Each structure stands twice: as structure tokens, then as C-alpha cells.
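The lines below spell out each chain.
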Amino acid sequence: MNRILFALLTVTSLLCLQSCSETEETDNEYENWQEKNDTYFERQYQRAVDSIAVNPTKWKLIKVYSKNSSAVGAHTDYIVVHVLSQRTEHDECATPPYAETPLYKDSVRLHLRGNLIQSQTYSTASPSYDNLGYQFTTSWYGEYNPKTMMPFSYLVSTLGDGFATAVMNMHVGDRWEVCIPYALAYGTTGSTAIPAYSTLVFDITLHSFARQGQALPGFQ
């Protein structure tokens, strides 16, 4: 009986040690995470302000769609956009109508990648912002090539506020790198793959969209 009790206590101790170790690793990975994300987004916001003064076509600050666009808001009411490329009528990845943008109840096809900011383990170069971190989603691997990539499909209404704001301001064929504050993403609670207080940086191309009740065009 004592041997059985000893064995059970040993297993329980090992499980506890493993659980504690995993928790410590997670805590270390995202140490001071809120502070780092606050600082990161504010730095990108200011970079956009400075860049817009020089070249307003390449950088944008767009207020979240759910708030009054004419009222002065906090910096975290905005997404920061760096325009990597704009659509043309001859883009092979693009389909008409070129002059329109998606609405809240529309469906969209997107090429995208999503990253957290740099953490203890993860560091990835970014064309627009400071080094990024863990990549939590991607619709392509290898080189960016719209001719061979397969886009993801979404209803705009199912996207987070910051992401939806970006998509509803894009034209077919546009490619943007978008920095979204956690207030317009997963907030102070996070999700399974994304810690609380996480600024999100997306590389997004709007492949196509369809109005509510209409079918999305094909992608091949």
C-alpha cells in the first residue's frame, strides 16, 4: 500500500514539475508583454505620423470603423498601414470592380500572414516595422507569388475590428502591412494561440470580394 501511495505521489510531483516548467517558459517568452506591446504600437504609430508628412501615399492611419471618424480618438483607435503595393487594372491576382472596397457584410478572399511582435524566442524580419515574432497564421509558404498562392476566405463581419477596418479600406490587388493594437484585436484576454495584450502585424493582399448574397469569384 505504501509503495502504491509513493508511486502516485511521484507521478503527481512529476506532472506538477512539468506543468510549472511549461508555465515558466510561457511567462519568460512573453515577459512584460503588455508594456512591450504598448511601446511597440506607439512607436509604429509615430513612425506613420512622421512618414505621412513626407509621403502620404505609402502610409496610413485609419480609425476603426466602429468609432466616429470625425472625432479625435486615442492612438489605439487606429490601425497603422504601410502600403506595400497598390492594385492596377492589370494585376493578375485582381478581379473587378477595382474602384470599390468590401463592406461589413461582404465576403473576401485574402492572402495573409499574421505575426506577433518579437519575443524571447521568435524574431522575423519585416519590410515595414521592427522585427516581428511568432507567425500564428499564413496562407502561403515560400516566396510571395499571387499566381500560385491560395487565398483564405472570410466574411468581413467575422474578423476582428482592426482587421476588418483594414480590409474594408482596401481595393482588389492592394497589398498592405497592417499593425493592429491589441485593443482592436484580442484585447486583454487573448486566444488559444495569441497571448493577451498582443499587437498583431498582418501582411494582407485583397484578392477578391463579393457583396452579401453573391458568390466569391474563383481564384485559379
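A.B. asks: Could you give me a rundown of unusual backbone geometry, with the residues and numbers involved?
C.D. replies: For residues besides glycine, phi is generally negative; the peptide bonds are generally trans as well. Its identity as a non-glycine residue notwithstanding, Asn 32 has a phi of 55°, on the positive side. Secondary-structure assignment places Asn 32 in the loop between α1 (2-29) and α2 (33-54). Although it is not a glycine, Tyr 197 adopts a positive phi angle of roughly 65°. With respect to the helices and strands, the residue Tyr 197 is situated in the loop between β6 (175-180) and β7 (200-210). Take Tyr 197: its relative accessible area is 25%, and that puts it in the partly exposed class.

A.B. asks: Help me get a handle on the nonpolar core, residues and values and all.
C.D. replies: Within the largest apolar cluster, 43 residues are counted, with the highest numbers of intra-cluster contacts made by Ile 79, Val 80, Leu 110, Phe 163, Val 178, Phe 202 and Ile 204. Those elements that provide at least two residues to this core are α2, β1 (59-63), β2 (78-85), β3 (107-117), β4 (132-138), α3 (161-167), β6 and β7. Top element by residues in this core is β7. It accounts for 6 residues. The residues touching Leu 110, leaving out its near neighbours within four places in the chain, are Ser 139, Pro 151, Phe 152, Tyr 154, Phe 163, Val 167, Ile 204, Thr 205, Leu 206 and His 207.

A.B. asks: So, the pattern of salt bridges: which residues are in play, and what are the values?
C.D. replies: Summed over the entire model, instances satisfying the criterion amount to 4 salt bridges. Arg 211 serves as the salt-bridge partner of Glu 100, at 3.0 Å between the closest nitrogen and oxygen. Placement of the pair is Glu 100 in the loop between β2 and β3 and Arg 211 in the segment after β7, with a sequence separation of 111 residues. Given a relative accessible area of 36%, Glu 100 falls into the partly exposed group. Across the pair Asp 203 and Arg 175 runs a salt bridge whose closest N-O atoms are separated by 2.6 Å. With Asp 203 in strand β7 and Arg 175 in strand β6, this pair connects stretches of sequence that are 28 residues apart.

A.B. asks: Explain the packing of aromatic side chains residue by residue, including any values.
C.D. replies: Under the definition given, this model contains 10 aromatic pairs. Note on Tyr 30 and Trp 33: the rings are 4.7 Å apart at their centroids and 65° apart in plane angle, and the pair reads as edge-to-face. Neither Tyr 30 nor Trp 33 differs from the other in exposure class; each is buried. For the ring pair Tyr 182 and Tyr 197, a centre distance of 5.3 Å and an interplane angle of 85° mean the geometry is edge-to-face. Remark: Tyr 197 occurs in the loop between β6 and β7 and Tyr 182 occurs in the loop between β6 and β7; sequence separation between them is 15 residues. A network of ring pairs unites the aromatic residues Phe 41, Tyr 45 and Tyr 78 as a single cluster. One cation-aromatic arrangement involves Arg 175 over Tyr 144; the distance from NZ or CZ to the ring centre is 3.7 Å.

A.B. asks: Describe the environment of Asp 174, naming the residues involved and giving the relevant values.
C.D. replies: The topology assignment puts Asp 174 in the loop between α3 and β6. What makes Asp 174 buried here is its relative accessible area of 5%. Along the backbone, Asp 174 and Gln 86 are 88 residues apart, and their C-alpha atoms lie at a distance of 4.4 Å. Residues within four places of Asp 174 in sequence aside, it is in contact with Ser 85, Gln 86, Arg 87, Ile 204, Thr 205 and Leu 206.

Rules behind the numbers
Note on numbering: residues in each chain are counted from 1, in written sequence order. Local features in a predicted model are, by the rule used here, given only for residues with pLDDT of at least 70; side-chain atom pairs are given and counted only at 80 or more, and totals for whole chains, interfaces and linings are based on all residues. To get the side-chain values, take all heavy atoms of the structure and skip hydrogens and water. Numbering of helices and strands runs from the N terminus; a helix is a DSSP stretch of H or I covering at least four residues, while a strand is a stretch of E covering at least two. Exposed residues in this analysis have more than 50% of their type's maximum accessible area, buried residues have under 20%, and partly exposed residues fall in between, with area computed by a 1.4 Å probe over protein chains only. Nonpolar core, defined: a set of buried Ala, Val, Leu, Ile, Met, Phe, Trp, Tyr and Cys residues in which side-chain atoms within 4.5 Å join the residues together. Note on definitions: a residue-residue contact is assigned when non-hydrogen atoms from the two residues lie within 4.5 Å. The rule for a salt bridge is simple: a side-chain nitrogen of Lys or Arg has to be within 4 Å of a carboxyl oxygen of Asp or Glu. Pairs were defined over the aromatic rings of Phe, Tyr and Trp, the Trp ring being its six-membered one, requiring ring centres within 6.5 Å. Orientation was assigned from the angle between planes: stacked under 30 degrees, edge-to-face over 60, tilted for the rest. Here, over-ring charges are defined by two tests on the NZ atom of lysine or the CZ atom of arginine: distance to the ring centre within 6 Å, and angle to the ring normal within 35 degrees.

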